[in-house]
Amino acid sequence: MLNIVLVEPEIHPNTGNVARTCAATGIRLHLVEPLGFDISDKAVKRAGLDYWHLVDLHVWHNLAELFEAEKPEDIWLATSKGAKSYVDPTVQFRDGCWLFFGKETAGLSEQFRKAYSERCIRIPIRAEARCLNLSNSVAILAYEALRQTGFSGLKAAGEMAEET
């Protein structure tokens, strides 16, 4: 099972979109505090997130707690500062890998990026653009990881396949 980690996400619609992607794909979602919004049952119901029960959600006080409890090894850091693209042949996602994304205003910390510099990847964009939206970036890398791991457990064809 793949893992998406949002480190200190600030914007609730982005996290909601990421949660929906995780719900639809079976990817585990990890949120590292502080969060810029409320994810209590009351808040989720008020927001109409009818898919929230499908999200395998884990909330951590900080990265150290996550690393101590989960001991992630096969990790990738998504950052606009990464030296290589996610389509580089050396970027091979495996089942159980961890994809880390930073907060919308600052990304992942420099200390974290330096500690895993060989595991920093980027999505190619124009030089004049700062970065992509967080939820779009998650979707791009999540589906690439799913493609590389064979879309295990996902429905391969829609109802139109049954018509032929």
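As a reminder, the structure under discussion sits directly above these lines.
Computed from a predicted structure; not experimentally measured.

Rules and cut-offs
Residues numbered from 1 in each chain as written. Predicted model: local features only at pLDDT ≥ 70, side-chain atom pairs only at ≥ 80, totals over all residues. Heavy atoms only, no water. Phe/Tyr/Trp six-rings, centres within 6.5 Å; stacked < 30°, edge-to-face > 60°. Helix = DSSP H or I, 4+ residues; strand = E, 2+ residues; numbered from the N terminus. Buried < 20%, exposed > 50% of the residue type's maximum accessible area, 1.4 Å probe, protein only. Lys NZ or Arg CZ within 6 Å of the ring centre and 35° of its normal. Right-handed = clockwise from strand over helix to strand, strands pointing away. Pairing = 2+ DSSP bridges. Salt bridge = Lys/Arg side-chain N within 4 Å of Asp/Glu carboxyl O.

(A) Highlighting the packing of aromatic side chains. Per the counting criterion, the structure on display carries eight aromatic pairs. Relative to Y116, the ring of F67 has its centre 6.2 Å away and its plane inclined at 25 degrees; by these criteria the two rings are stacked. Placement of F67 in helix α3 (residues 63-70) and of Y116 in the loop between α4 (110-115) and β7 (120-122) is noted, with a sequence separation of 49 residues between them. Among the residues examined, Y116 registers a relative accessible area of 28% and is labelled partly exposed. Measuring from centroid to centroid gives 6.5 Å for Y143 and F151, while their planes differ by 45 degrees, and the two rings are tilted. Taking NZ or CZ as reference, R119 lies 3.7 Å from the ring centre of W76, over its face.

(B) A look at the pairing of strand β2 (residues 28-32). When you tally the buried positions in β2, you get five out of five residues, the bulk of the element. Side chains R28, H30 and V32 project from β2 onto one buried face, and the interleaved L29 and L31 project onto a second face that is buried too. Regarding topology, helix α1 (residues 12-25) serves as the crossover connection from strand β1 (residues 3-7) to the parallel β2, and that connection is right-handed. With four bridges connecting them, β2 and strand β3 (residues 57-60) associate as parallel partners. From the neighbouring strand, L29 faces β3, where its bridge partner is L57.

(C) Here's a closer look at the pattern of salt bridges. Throughout the structure, instances matching the rule amount to seven salt bridges. Linking D74 and R94 is a salt bridge whose minimum nitrogen-to-oxygen distance equals 3.4 Å. Here D74 is found in the loop between α3 and β4 (75-78), whereas its partner R94 is found in the loop between β5 (84-85) and β6 (98-101), with 20 residues between them in sequence. Across the pair K114 and E110 runs a salt bridge whose closest N-O atoms are separated by 3.0 Å. Of the two residues, K114 and E110 are both situated in helix α4; the distance of four residues between them amounts to about one turn of the helix. In this structure E110 comes out as partly exposed when scored by relative accessible area, which is 47%. The network of salt bridges with common partners includes D74, R94 and R119.

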